[in-house]
Structures are given as structure tokens and as C-alpha cells.
Amino acid sequence: AQKVTQAQTEISVVEKEDVTLDCVYETRDTTYYLFWYKQPPSGELVFLIRRNSFDEQNEISGRYSWNFQKSTSSFNFTITASQVVDSAVYFCALSLDTGRRALTFGSGTRLQVQP
Amino acid sequence: DTGVSQDPRHKITKRGQNVTFRCDPISEHNRLYWYRQTLGQGPEFLTYFQNEAQLEKSRLLSDRFSAERPKGSFSTLEIQRTEQGDSAMYLCASSLGVVSSNTEAFFGQGTRLTVV
């Protein structure tokens, strides 16, 4: 069975600091998909990025960047120059390429950005 | 299209009562998922539909839970004889086809259930 671990329960930073959210996953499948979602206080999960298991290229989107390393089964997320609006709970998730294709989520990391 | 819509946003009910939640997915999204999220945890899969067919149910879904998706459009999740342990956020998600390298699931804002 697959599993996603987000060891950081809560992180607090001051605005403009860089912050990295860790994600470690477990699966025996060779084809899978990794995701990051943001959950603001309103409750809706907002999609941030997807990555398939064969694409280890890092990705940058504005202040966001993602580092995928199959060797360590990690898919970490970095926010550069954090802003107060980044405050939310962030979830890493995994989906297999077979069966239900539902998402297996980690327990989330609550990020608080102080002004 | 305004995205995945869930109703109600909040529901407080007495233990033993029945409750029903509704989810309206994004138009033309053929896959619809229900998840449950308890405080401090990530969402957990409950069940999913491909069009009108319910294809799988999690072990988390006891016999008191039932879900439907008539005509492959909106979906309802009913909980009978609610228990305090049912208190959680119930999230609905939809996708156009299977979740893959070029398809993601879109989530609604959820229904927060409190059983008193």
C-alpha cells in the first residue's frame, strides 16, 4: 500500500523568508503521480502541481519550486520570499497509475507566515 | 463553470439523525470522488464514481454511509444514524478522466459535519 509522510506538522516563518516543505512517499509501483495542494482556511483544496514518476525535472513557478528525487522518494516544495498570503495547510499526495486513481494524502504541513 | 460545489457548507446534527450532502462536480467531469478529512489530518478516500457507476468503496465507509450519482451528474452522500465519530469535513472532488500526468482532481470547499 502507498503512503505519504509529511513530517513537519507546523512551520512558522517571517515574511520574505524561504521555506521548504518536505514530502516523502512510499509505493512499490513504478508509475505514479505526485501532487501538492494548498488548503486555505476556506477549506477548498487548491491544486498547485503534478509530477509523474518518470519526470524528475525540478520545476519553478514564480516563487514556488519543487524538487523531485526518486532516489530518496521525496517531492519537496520550496516557497521563496514567503508572503502572508502563503499561510495555509499544504498537502502532498500520491496517485497510482492503476485502480481507483484516488489520491493518498500526507497529514499536511501548516505554514504560518508572520508579517 | 464555477468549479466543484458542495452543499451545505456546514451541518450540525444530533447523534442518531440522518444527514445528506450534495456535490455538483465540474461539468463533463466523469469521475467523482468523496473524501473525509478529520482535524489535523489529510483527506482520506471514501468512494468514487465513474459516471453513474460507483466503482469502489473504502473500508472507512460503513454500512451507515451510502453514496449515489444518478445520471452521472451530481452526487449525494448520506449518513444514517450519525455518530460523534462521523464529525469531519467531507470533501468532493471531480476529474475529467483518470488522475494522471496531465489530469488533476478539483476539490470543492467541503461540508463540515458536527455531530452533537
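Relevant structure appears above.
Model, not experiment: these values are computed from the prediction.

Draft legend 1. Representation of the state of the cysteines in the model. Enumeration over the complete set of coordinates arrives at 2 disulfides over all chains. Residue Cys23(A) pairs covalently with Cys92(A) via a disulfide, S to S 2.0 Å. Between Cys23(A) and Cys92(A) the disulfide shows an S-S torsion of about -65 degrees. By sign, it is left-handed. Of this pair, Cys23(A) sits in the loop between strand S3 (19-21) and strand S4 (24-26) while Cys92(A) sits in strand S10 (residues 88-96); the two residues are 69 residues apart in sequence, bridging distant segments of the chain. By relative accessible area, which is 0% here, Cys23(A) ends up buried. With a sulfur-sulfur separation of 1.9 Å, Cys23(B) is cross-linked through a disulfide to Cys92(B). Here the S-S torsion is close to -65 degrees, and the disulfide linking Cys23(B) with Cys92(B) is therefore left-handed. Of this pair, Cys23(B) sits in strand S3 (residues 19-24) while Cys92(B) sits in strand S9 (residues 88-95), and the two are 69 residues apart along the sequence.

Draft legend 2. Structural detail: the environment of Gln6(A). Residue and element names in this part refer to chain A. As for its position among the elements, Gln-6 is in the loop between strand S1 (3-5) and strand S2 (10-14). A relative accessible area of 4% means that Gln-6 is categorised as buried. On a C-alpha basis, the gap between Gln-6 and Ser-71 in space is 17 Å, while along the polypeptide they are 65 residues apart. In this structure Gln-6 touches Asp-22, Trp-36, Tyr-90, Phe-91, Cys-92, Gly-106, Ser-107, Gly-108 and Thr-109, once residues within four positions along its chain are discounted. A distance of 3.0 Å separates a polar side-chain atom of Gln-6 from the backbone oxygen of Tyr-90.

What counts, and at which threshold
Residues numbered from 1 in each chain as written. Chains lettered and ligands numbered in written order. Predicted model: local features only at pLDDT ≥ 70, side-chain atom pairs only at ≥ 80, totals over all residues. Heavy atoms only, no water. Disulfide = S-S within 2.5 Å. Helix = DSSP H or I, 4+ residues; strand = E, 2+ residues; numbered from the N terminus. Buried < 20%, exposed > 50% of the residue type's maximum accessible area, 1.4 Å probe, protein only. Contact = heavy atoms within 4.5 Å. Polar contact = N/O pair within 3.5 Å; in protein donor to acceptor, adjacent residues only side chain to side chain.

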